[in-house]
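So the chains spell out like this:
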Amino acid sequence: MSLRIAITPGEPAGIGPDLVIKLVQKSWPVQLIAVVDKSLMEQRAAQLGLSVNMIEFDPSQPATPAEAGSLYYMQVDKGGEVTPGVLDEKNGLYVLETLRLASEKNMDGTFDAVVTGPVHKGIINRAGISFSGHTEYFAQQSGTADVVMMLATEGLRVALVTTHIPLEYVSRAVTKERLAKVASILHHDLQNKFGIEQPKVLVCGLNPHAGEDGHLGREEIDTISPTLQMLNQQGMNFIGPLPADTLFQAKYLDNADAVLAMYHDQGLPVLKYKGFGNSVNITLGLPFIRTSVDHGTALDLAATNNIEVGSFDLAIREAIKLATEKAQNS
Ligand SMILES: NC(=O)C1=CN([C@@H]2O[C@H](COP(=O)(O)OP(=O)(O)OC[C@H]3O[C@@H](n4cnc5c(N)ncnc54)[C@H](O)[C@@H]3O)[C@@H](O)[C@H]2O)C=CC1
Ligand SMILES: NCC(=O)COP(=O)(O)O
């Protein structure tokens, strides 16, 4: 049985369509279905000097991988022109509809996973739709209270307790309940999705020097330490809270399976410094498999042919791996 993997290219003025067109110039072992406006993809392919044979997806047919240069699609009308590199708030509803449809079709079992290209969060909000990221959107669409953003590159996995919120809200968002939930999802998925029997996770403090015994903040004493103790009493292995400025070194990382950071820019700059272009974003805790790129819309590079496809390639391969394992275990 072949798998069906949905792809949402994301912001149409960015490099998402380019990534998809470039990556389907080679063949894939599964059926890839882009949730897109067909004509938009054909236009971008022409702008790139490439060709793509768009085949309408028919769920009643067997899941047959397309040949190199071909791509299955599920139509979402964009309406109007897209200028590469130029944001237009009229694109916001289109982008959201591709995500909604991909989510729905993963929930009903039509697709085995979704791989998302980069969206521009600002332009979706400017279109009048409150949107902070795919992670939160898919959680909401699937009725899942807690999901976890984890990015992974060779030798490093970083998961986040909080995701796309202003820094001034982070301290209040790091509650015992949220930390326990995120840590439990991470532990569970490291075991079940990544085959690590006894995951060992390093946990960052929130404050400089993990609060320096309470002299530089009390979240470590009041919230993080007691929660980790409670989780460890249940048989998990969370080490910390550790100072975030010193834990990212081989001495500690070589003996750990993941790092749990308290907020987006505490963990992700390190991950991206190590592996930008070769990392994958995986949403843990969702009822379906979702992977994504490690980069943004790169508006400056849309339709230029001057892009790296490594992260998108990895995101598709990771989705195939996770979906294959899920199919084998069910
Ligand atoms: N998965 C997602 O949907 C993500 C979306 N974003 C969104 O992207 C938008 C732009 O964010 P920026 O901070 O400007 O980050 P960016 O990743 O779009 O660009 C940062 C720099 O990296 C370069 N770059 C990015 N991807 C590249 C690729 N595949 N090949 C070659 N060069 C590449 C860009 O040209 C730019 O110089 C924001 O609205 C942000 O929210 C950011 C990260 C992830
Ligand atoms: N920096 C990662 C990022 O912003 C991606 O977020 P999401 O759209 O995957 O939720």
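Bear in mind that the values here come from a model prediction, so they are computed numbers and not experimental data. By convention here, each chain's residues receive numbers from 1 onward along its written sequence. For this description, chains carry letters from A and ligands carry numbers from 1, given in the order in which they are written. Side-chain atom pairs in this predicted model are given and counted only at pLDDT of 80 or more, local residue features only at pLDDT of at least 70, and totals for whole chains, interfaces and linings cover all residues. Hydrogens are left out, water is left out, and the side-chain values use all remaining heavy atoms of the structure.

### What about the UniProt feature "binding site: substrate" (unreviewed entry) in the protein chain?
What counts, and what does not: UniProt positions are given in the numbering used here, feature names are shortened, and annotations may be inferred rather than shown by experiment. Secondary structure elements are defined from DSSP: runs of H or I of at least 4 residues count as helices, runs of E of at least 2 residues count as strands, and each element is numbered from the N terminus. We call two residues in contact whenever any of their non-hydrogen atoms come within 4.5 Å of each other. Contacts described as polar in this section are N or O atom pairs within 3.5 Å, which, within protein, must combine one atom able to donate a hydrogen with one able to accept it, while residues neighboring in sequence count only if both atoms come from side chains.
Taking the numbering used here, the UniProt-annotated feature "binding site: substrate" (unreviewed entry) corresponds to H134, T135, K272, N281 and R290. Inspection of the secondary structure puts K272 in helix α11 (residues 264-275). Excluding residues that lie within four positions of it along the chain, K272 makes contacts with L151 and D294. Turning to its location among the elements, R290 is positioned in strand β12 (residues 290-292). A distance of 3.3 Å separates a polar atom in the side chain of R290 from a polar atom in the side chain of H134.

### Focus: helix α5 (residues 134-141)
Note the cut-off: Note on classification: 1.4 Å probe, protein chains only; a residue is buried when its accessible area is under 20% of the maximum for its type, exposed when over 50%, partly exposed between these limits.
Restricting attention to buried positions, one finds in α5 the residues H134, T135, Y137, F138 and A139. Buried residues in α5 make contact with α3 (91-107), β5 (113-116), β6 (148-153), β11 (280-284) and β12. Positioned one or two residues after α5, G143 has a phi angle of 65 degrees, which is positive.

### Examining unusual backbone geometry
Along the chain, G240 connects to P241 via a cis peptide bond; the corresponding omega equals 0 degrees. Residue placement: P241 occurs in strand β9 (residues 238-242). The phi angle at A210 is positive, at roughly 50 degrees, despite the residue not being glycine. Residue placement: A210 occurs in the loop between β8 (201-204) and α8 (219-233). Since its relative accessible area comes to 14%, A210 is described here as buried. Phi is positive for A303, which is not a glycine, with a value near 65 degrees. Relative to the helices and strands, A303 resides in the loop between β12 and α12 (310-329).

### A word on the site of ligand 2
Let me state the cut-off plainly: We call a residue near a molecule or strand whenever a single non-hydrogen atom of that residue lies within 4 Å of it. Note on areas: Shrake-Rupley, 1.4 Å probe, and residue coverage restricted to the protein chains presented here. Classification used: nonpolar for Ala, Val, Leu, Ile, Met, Phe, Trp, Tyr, Cys and Pro, charged for Asp, Glu, Lys and Arg, polar for all others including Gly. In this document the domain limits rely on a domain assignment from an automatic tool or a database.
Around ligand 2, the neighbouring residues are K121, G133, H134, T135, E136, M149, H164, H264, L268, K272, N281 and R290. The side chain of K121 places a nitrogen or oxygen atom 3.3 Å from an oxygen atom of ligand 2. Between ligand 2 and the protein, one listed contact pairs an oxygen atom with a side-chain N or O atom of N281 at 3.0 Å. Protein contacts shield 89% of the accessible area of ligand 2, which totals 310 Å² for the unbound molecule. Contributing elements (two or more residues each) for the shell around ligand 2: α5 and α11. Among the residues forming the shell around ligand 2, the class breakdown is two nonpolar, six polar and four charged. The two domains that each donate at least three residues to the shell around ligand 2 are domain 1 (4-144 + 286-329) and domain 2 (148-272).

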